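If you want the building blocks of each chain, they are given just below.
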Amino acid sequence: DISPQAGGFASMTQDALTVLNDVPFSIPPYFAILGRAIVTLEGIALTGNEDYGIIMESYPYIARKLLAENRPEIQQALQEVLFSVTGGDSSNGLKFTR
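On a predicted model such as this, the values are computed, not experimentally measured, just so you know.

**Q** Account for the overall build of the protein chain, with residues named and values stated.
**A** Regarding its fold elements, the protein chain presents four helices and zero strands. For the protein chain, the N- to C-terminal ordering of α and β elements is α-α-α-α. For the protein chain, the exposed area adds up to about 7,500 Å²; of that, 60% sits on carbon and sulfur atoms.

Here it is, written out as structure tokens:
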């Protein structure tokens, strides 16, 4: 379930850093710089709107890019995230609120 309350990009980054402490793996410098920039931008946006979520704001762009790929497994995974229904409860699917 993806929602603005999920913790945002900063939370995802912190989770990734926690895993990287346990697993010997190095992040390329350009990726680390990009992550820091995104976390900074999200922090600035959150000062103006505490409900802002960079993940939810970027989701339409990411979905378009994934759907443009000619890879059925990626398209199927995206559809499962968008339209997931468990036990007749459609509340598990992705919800867009602004």
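**Q** Give me the confidence of the model for the protein chain: which residues, what numbers.
**A** Per-chain confidence: the protein chain averages 75 in pLDDT, with 76% of residues scoring 70 or above. Averaged over each element, pLDDT in the protein chain is lowest for helix α1 (residues 8-22) (74) and highest for helix α2 (residues 29-48) (87). Contacts for the low-pLDDT stretch residues 1-6, under 50 throughout, to residues beyond four places or in other chains number 13 contacts.

**Q** Got a sec to walk through helix α3 (residues 54-68)? Specific residues and values, please.
**A** Spacing of three or four residues puts side chains on the same side of an α-helix, whose turn is 3.6 residues. Taking 1.5 Å of rise per residue, the 15 residues of α3 would be expected to cover 21 Å, and the 21 Å separating its terminal C-alpha atoms lies within 8% of that figure. A bend of about 40 degrees at proline 60 is the largest found in α3.

**Q** A description of the packing of α3 against helix α4 (residues 72-82) should follow, citing residues and the corresponding values.
**A** Packing of α3 against α4 leaves a shortest axis separation of 9 Å and a crossing angle of 145 degrees. Crossing of α3 over α4 shows left-handed handedness. Along the contact surface, α3 presents Tyr59, Ala63, Leu66 and Leu67, while α4 presents Ile74, Gln75, Leu78, Val81 and Leu82.

**Q** Report on a nonpolar patch on the surface, specifying residues and quantitative values.
**A** Side chains of Leu17, Val19, Val23, Phe25, Ile27, Tyr30 and Phe31 sit close together on the surface and give an oily, nonpolar patch of about 710 Å² of accessible area. Elements that contribute at least two residues to the nonpolar patch include exactly α1 and α2. Residue placement: isoleucine 27 occurs in the loop between α1 and α2.

Rules of the game
- In this numbering scheme, every chain counts its residues from 1 along its sequence in written order.
- Confidence filtering applies because this is a predicted model: local features only for residues at pLDDT of at least 70, side-chain atom pairs given and counted only at 80 or more, and all residues used for totals across whole chains, interfaces and linings.
- The basis for every side-chain value is the complete set of non-hydrogen atoms in the structure, without hydrogens or water.
- Helical segments are the DSSP runs of H or I of at least four residues, strand segments are the runs of E of at least two, and each set is numbered from the N terminus.
- Accessibility throughout is a Shrake-Rupley quantity obtained with a 1.4 Å probe, and a residue counts as covered only by protein chains that appear here.
- pLDDT is a per-residue confidence score from the predictor, ranging from 0 to 100.
- Every residue pair with non-hydrogen atoms within 4.5 Å of one another is taken to be in contact.
- An expected span of 1.5 Å times one less than the residue number is assigned to each helix.
- Bend is computed residue by residue as the angle between axes fitted to the seven residues ending at the residue and the seven residues starting at it.
- Fitting a line to C-alpha atoms yields each axis, with helices limited to the stretch in contact; the angle taken between N-to-C directions then spans 0 to 180 degrees.
- The hand of a helix crossing depends on one turn: near helix anticlockwise from the far one by less than a right angle means left-handed, and clockwise means right-handed.
- Patches here: salt-bridge-free residues with over 30% relative accessible area, like charges joined within 9 Å, nonpolar side chains (Val, Leu, Ile, Met, Phe, Trp, Tyr) joined within 5 Å.
- By convention in these notes, a salt bridge is any Lys or Arg side-chain nitrogen within 4 Å of a carboxyl oxygen on Asp or Glu.

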